[in-house]
Amino acid sequence: MEASTRLQLIGISKTFPGGVQANKDISLTVKRGEIHCLLGENGAGKSTLMSILYGEYHADSGEIWLDGQKATINTPKGAISHGIGMVHQHFMLVPTLSVAENIIMGMRPLASFLWYMKDIEKDIAEFAAKRGMKINPSALVSTLSVGEQQRVEIIKALYRGVDLLILDEPTAVLTPQETRDLFETLRNLAKQGFSIILITHKMNEVMEVADRVSVLRDGRMIDTLPISEVTPSSLARMMVGREVSFNQEKNDTPCGEPILKVEDLTLIGEKGRPLLKNISLKVCSGEIVGVAGVDGNGQSQLAFCVTGLMKPTSGRIWIEKNDLTGKSPLEFLKAGVGHIPEDRHAMGLVLEDPVAYNFLLQRYRDNYFKWFGFLNIKTIFEHARRLVKVFDVRTSSVKTPAANLSGGNQQKIIVGREIDRNPRLLVAVQPTRGLDIGATEYIHKQLIQQRERGAAILLISTELEEIMALSDRILVMFEGRIIGETDSDRANIDKIGLWMAGMQPEEAKQT
Amino acid sequence: MTAKTKPFSFFRLINFFPPMLQQAIILPLLALALTLLISAVLLVITGYNPVTAYRYMWEGVFGNSRVFTEVLLKSTPLILVGTGIAVAFRCGVWNIGAEGQFYAGAVLATWVGIHLAGLPPFLTISVVFLAGFIGGGAWAVIPGWLKVRLKVNEVVSTIMLNYIMIGLTSFLVTGPMQEAKKVFPQTDEIVVAARLPNILPPTRLNIGFLIAVLVAIIAAIILFRTPLGYAIRTVGQNPETARYAGMKVNQSIIIAMLLSGGAAGLAGAIEVSGLTWRMFATISPGYGFDGIAVALLASNNPLGTILSGFLFGALRASSELMQMNARIPSVLFKIIQGLAIAFIIAFSLLSRKVASEKIADRAEAVPTTGS
Ligand SMILES: Nc1ncnc2c1ncn2[C@@H]1O[C@H](COP(=O)(O)OP(=O)(O)OP(=O)(O)O)[C@@H](O)[C@H]1O
Ligand SMILES: [Mg+2]
């Protein structure tokens, strides 16, 4: 039986003040019980389209039809009352409240639920279980992992009775296991008749979970196809408009002098919990060392320590000949350390500031940007315009606040800025998070170029594919330790997988 | 559905202007216009004739050179204090202590002004101003230091330091610093060389207003055109990113507080050296608190405080006149002030919301500062 149509968008257009036309005459149909993937390059207009559907933005023209009826959606509240829910890439939970409180927030007057919290918690647990999700409603949100927080966001939407769920790049922050759990949940929901719109940049995920795919390019709808009629490379071609190579060519560059040397690094967390245990490693000039591991096994702390943002409890850190143990982030910068941080909104950007100033950041005291002690606005803008071109940052102008850029384009600012500084050591944490395949390919090329130039690169990523493609050597972290080290030969992939799970296979030791 | 609905088109219009112009002129004037409109309704409801009222108001500001210069005199401390507060707010520090810093500056300036003899006027005045700046700055550095070292919330500490300074002043003018005659709770007059020259007799106008404008311009240049100001703003917007960029977060906070309190202290010095020539316990009618409104009305842009400081000065000056002539109670002006601030906050939030939804939810967050 042909499934009924849940949602129909007809001719949606949207131009932002400042003249960016993010959506051009887009039409889209979503059926009941289907998982519909929305693909497109960074800045193609995916988030904008979904924000319009969710009532956060207003289309300049176009119609929204729900279950065959024309609807007007002006606010997220209105969207929810029409059965549409959205999980943003950046979660909007209150960390100091419990799961149940977060879910219920804004639904009823505060006083009425304070009395019934226990009942509500029970209700939520049952509600979630019925839809195939496990959650502890009394847990504080601040104690949850990223994957669990996302689950709370999903339940929060479903609990309001929505049956059309929008997920904007939900997997960008998830571990592979969490991603599998999420997809399991989504398939379950789809079976129960829920419709799901999923935005992602990862081809394998599309192939794994989608029923149908729609591709946007430059604000236009290119095509909608059933998954059986597409392949990863045909999708890539539709998105980018050219062939994309998934594998990077890499010359053999001789390893040079050690640039980063870490000895016996230990970091004890606030509650006396060890976050890093006796880490020793070396990254040489012209070498990419990949750090693999499931998220949350100390990779973030390692990155913060070798950039000076966290002070290790014990151990030493050298950059070239300088012992920088306990020194400030500024000393690390001066020693030539570049850093692509993990969470671009928490660190690395000033969202309210124009794009141009986000390209300036660490270099604000450089003589190049000064004029008799004052900031030279002209060179700041010229510098930004150049990098916008080089790194293909899609923005209407360098005066636009960084917040107005699409997620992927914000990431390009950071990557571009750090690479342009030609660092001796580049600490790249999830450098391609949220980037489309074209941009990912480009950034990978840039990283390899930096390596050939003689930079040392510490690449920290939860994407095994990325680590395998770029690294000369691979370290695997587990519970704050380096549990194994190997070269990036494909044959080692099983071994790495076992290490990531914390296992120490006998065979692995022998080879 | 969406059809041709453009609910925020009004704010799109505002966003057409560059941010500087928006903050410094468009938004304050818009807030003023709306405020006057709503106040007119209020006046009618309470049985007054808004046309007469506003005519008196106009005359109270622009009627003749005497009233106009009085408005300028009233705006001078407001511009300075507002500028200082804007600098602190830009750095993400809620400095509510400008009143205390104003007093601290005035006290130190008075003390120097009384005892400094034998220097030429220009030098004397410069030293008095410097004393005012140092007095206010030092009083503001204390809560800054408490914040970065001991994580003491600056809202609490600056308010407490207000009370301490005001109390201290009462003590000083009745005790150690009381005039030689020991009659009134006030100090002796500062030496003649320390007094700002009158530039438009028979009015009381001195060059204080020009100094305030100059300071506002310098503050804007520091904030928006120097590496120091860039660091201060970055710390205010995202302290984590500032640390990441190698900026010294704590140092920036201390410097911002020094400048902030220094401007308030300078306002105190100008008040003493230009108008009162001596110190007494009630020298400020609340400039330090009005200054917060002045800064907010200017979207924390020092250039904008020139206009918003003038607007508040005009409101204050003309309210007295209206009370006398039209018998309109001056409480109404408190309401008008409140309305103006409410509008400006609503405007800036909404117009930013149109510019970017993403910013809006950050803008409401209380500024925090990492160490
Ligand atoms: N609030 C805004 N103001 C102005 N322009 C905006 C705003 N939000 C988005 N844009 C612009 O609209 C275009 C589409 O952005 P959108 O966020 O929809 O892209 P996206 O497809 O979600 O990209 P990504 O994969 O990088 O997240 C971009 O060029 C972006 O710069
Ligand atoms: Mg997006």
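Residues numbered from 1 in each chain as written. Chains lettered and ligands numbered in written order. Predicted model: local features only at pLDDT ≥ 70, side-chain atom pairs only at ≥ 80, totals over all residues. Heavy atoms only, no water.

(A) View of the site of ligand 1. All names here are of chain A. Close to ligand 1 lie 21 residues, the nearest being Gly43, Ser47, Thr48, Ser406 and Gly408. Here an oxygen atom of ligand 1 sits 2.7 Å away from a polar atom, N or O, in the side chain of Ser47. In this structure, Tyr57 approaches ligand 1 through a side-chain N or O atom, which is 3.4 Å from a nitrogen atom. Contact with the protein chains hides 95% of the accessible area of ligand 1, taken as 640 Å² for the molecule alone. Broken down by secondary-structure element, the contributors of at least two residues to the shell around ligand 1 are α1 (46-53) and α14 (407-420). Tallying contributions element by element places α1 first for the shell around ligand 1, with three residues. (Near = heavy atom within 4 Å. Polar contact = N/O pair within 3.5 Å; in protein donor to acceptor, adjacent residues only side chain to side chain. Areas by Shrake-Rupley, 256 points an atom, 1.4 Å probe, with all protein chains shown as cover. Helix = DSSP H or I, 4+ residues; strand = E, 2+ residues; numbered from the N terminus.)

(B) Expanded view of the pattern of salt bridges. All names here are of chain A. In the structure shown here, the tally under the stated rule is 31 salt bridges over all chains. Note that Glu34 is salt-bridged to Arg212, the shortest N-O span being 2.9 Å. In this pair, Glu34 sits in the loop between β2 (21-31) and β3 (35-40) while Arg212 sits in strand β9 (residues 212-217), placing the two residues 178 residues apart along the sequence. Assessed through its relative accessible area of 16%, Arg212 is described here as buried. Ionic pairing is found between Arg473 and Glu287, a salt bridge with its closest N-O pair at 2.7 Å. A residue pair is termed long-range when its members are at least 10 positions apart, and Arg473 in strand β21 (residues 473-478) and Glu287 in strand β13 (residues 287-292) qualify at 186 residues. Each member of the salt-bridge network shares a partner with another, and the members are Arg6, Arg32, Asp67 and Asp163. (Salt bridge = Lys/Arg side-chain N within 4 Å of Asp/Glu carboxyl O. Buried < 20%, exposed > 50% of the residue type's maximum accessible area, 1.4 Å probe, protein only.)

(C) A look at unusual backbone geometry. Residues and elements named next belong to chain B. For the bond running from Pro201 to Pro202, omega is 10°, close enough to zero to count as cis. Looking at the element boundaries, Pro202 is found in the loop between α7 (154-174) and α8 (208-225). We note that Lys151 has phi near 60°; this positive angle belongs to a residue other than glycine. With respect to the helices and strands, Lys151 occurs in the loop between α6 (121-150) and α7. Overall, Lys151 belongs to the exposed group, its relative accessible area being 57%.

What is shown is where atoms sit, not what they do.
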